Amino acid sequence: TQLLEQSPQFLSIQEGENLTVYCNSSSVFSSLQWYRQEPGEGPVLLVTVVTGGEVKKLKRLTFQFGDARKDSSLHITAAQPGDTGLYLCAGPVGSARQLTFGSGTQLTVLP
Amino acid sequence: DAGVTQSPTHLIKTRGQQVTLRCSPKSGHDTVSWYQQALGQGPQFIFQYYEEEERQRGNFPDRFSGHQFPNYSSELNVNALLLGDSALYLCASSLDFGYTFGSGTRLTVV
């Protein structure tokens, strides 16, 4: 059973459209991270959210951490082809605080 | 400042063989974690090494083993390879839980 569930699994949109990706869990996390991964590369950290209700903005990307710290969302405004990639949410678990990942959202932005 | 370096980048092995993957952590990082990522899926935690000891292990069989050296670099060994072991193997180094990932080793088992 996946501790972090992401939806949708696949998303294909036209350039200029807006989109939201969701990351949900039945467990409380001390923090959640969002990564973007391109083919043949490792995940690259986009943001870490720590406080329940927190909203962080990174240019056209807006990240929100749920009040109960069990869910998070990533909203992209006016998507561009360069936003194409696999978006992953992850949170620390266990005594070693290793990261557990969601199954990912594969985003394709068509020109 | 070099990030996380993994070698080799690609590898093809035959079922039943053994493989060793290598990872050099980011400068200043003392902890190395290994992940297995199937195509289009999120990475799955294999194990984490700190101070040359395995600190935590995920749900992977004993065929998967590792080592960390005094310079913090690490190796992942997989014995008796199965077709299902084909995946991208990612190394992540960290210091105080801030993770940096390498580009991975693409392992294909035929």
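A. Quick look at the state of the cysteines. Per the stated rule, a full pass over the model turns up two disulfides over all chains. Between the sulfur atoms of Cys23(A) and its disulfide partner Cys89(A) the distance amounts to 2.1 Å. Judged by the sign of its S-S torsion, about 75°, the cystine formed by Cys23(A) and Cys89(A) is right-handed. One end of the pair, Cys23(A), is in strand S3 (residues 19-24); the other, Cys89(A), is in strand S9 (residues 85-93), and 66 residues separate them in sequence. We note that Cys23(A), like Cys89(A), is buried. Sulfur-sulfur distance for the disulfide between Cys23(B) and Cys91(B) comes to 1.8 Å. Across the S-S bond of Cys23(B) and Cys91(B) the torsion is about -60°, and the bridge reads as left-handed. With a gap of 68 residues between them, Cys23(B) in strand S3 (residues 19-24) and Cys91(B) in strand S9 (residues 87-95) connect regions that are remote in the sequence. On the basis of relative accessible area, Cys23(B) is assigned to the buried category, the value being 2%.

B. Region of the structure containing the environment of Ser33(B). All names here are of chain B. Here Ser33 lies in strand S4 (residues 31-37). Here Ser33 falls in the buried class, since its relative accessible area comes to 0%. For Ser33 and Leu83, which are 50 residues apart along the polypeptide, the C-alpha to C-alpha distance reads 23 Å. Separated by 3.1 Å, the side chains of Ser33 and Gln48 make a polar contact.

C. Seen up close, the interface of chain B and chain A. Every contact between the two is made by 18 residues of chain B and, on the other side, 18 residues of chain A. Buried surface at the junction of chain B and chain A, both sides included, amounts to about 1,500 Å², of which 53% is carbon and sulfur. The largest share of the area that chain B buries against chain A comes from Phe97(B), Tyr99(B) and Phe101(B), three residues that together contribute 31% of it. At the surface where chain B touches chain A, the tally comes to zero salt bridges. Summed over the shared surface of chain B and chain A, the result is six residue pairs in polar contact (both at pLDDT 80 or more). Counting residues per element, the ones that place at least two in the side of chain B that touches chain A are S4, strand S5 (44-50), strand S6 (53-57), S9 and strand S10 (98-101) of chain B.

D. Broad picture of the sheet that holds strand S7 (residues 61-65) of chain A. Residues and elements named next belong to chain A. Taken together, the five strands give an open sheet; going across it, the order is S1-S3-S8-S7-S6, and neighbouring strands pair in antiparallel fashion. In the strand order of this sheet, the two ends are held by strand S1 (5-7) and strand S6 (55-58), each with one partner. Ignoring strand direction, the axes of neighbouring strands in this sheet form an average angle of 15°. Relative to strand S8 (residues 71-76), S7 runs antiparallel, the two sharing five bridges. By the bridge assignment, Phe63 is partnered in S8 with Leu74.

E. Broad picture of the sheet that holds S3(B). Residue and element names in this part refer to chain B. Within the open sheet, the four strands sit side by side as S1-S3-S8-S7. Their pairing is antiparallel. On the outer flanks of this sheet lie strand S1 (5-7) and strand S7 (64-68), each paired with one strand and no other. Taken over all neighbouring pairs, the strand axes of this sheet differ in orientation by 15° on average, direction set aside. Bridging between S7 and strand S8 (residues 74-78) involves five bridges; their strand directions are antiparallel.

F. Looking closely at unusual backbone geometry. Put simply, Ser7(A) and Pro8(A) share a cis peptide bond, and its omega is -10°. Along the chain, Pro8(A) turns up in the loop between S1 and strand S2 (10-14). Note that the residue after Ser7(B), namely Pro8(B), is joined by a cis bond; omega there is -10°. Topologically, Pro8(B) is positioned in the loop between S1 and strand S2 (10-13). Of note in the backbone geometry, Arg97(A) takes a positive phi value of approximately 50° without being a glycine.

Scoring rules and cut-offs
- Residues numbered from 1 in each chain as written.
- Chains lettered and ligands numbered in written order.
- Predicted model: local features only at pLDDT ≥ 70, side-chain atom pairs only at ≥ 80, totals over all residues.
- Heavy atoms only, no water.
- Disulfide = S-S within 2.5 Å.
- Helix = DSSP H or I, 4+ residues; strand = E, 2+ residues; numbered from the N terminus.
- Buried < 20%, exposed > 50% of the residue type's maximum accessible area, 1.4 Å probe, protein only.
- Polar contact = N/O pair within 3.5 Å; in protein donor to acceptor, adjacent residues only side chain to side chain.
- Contact = heavy atoms within 4.5 Å.
- Buried area = accessible area lost by both parts, 1.4 Å probe.
- Salt bridge = Lys/Arg side-chain N within 4 Å of Asp/Glu carboxyl O.
- Pairing = 2+ DSSP bridges.
- Axes fitted to C-alpha atoms, helices over the stretch in contact; angles between N-to-C directions.

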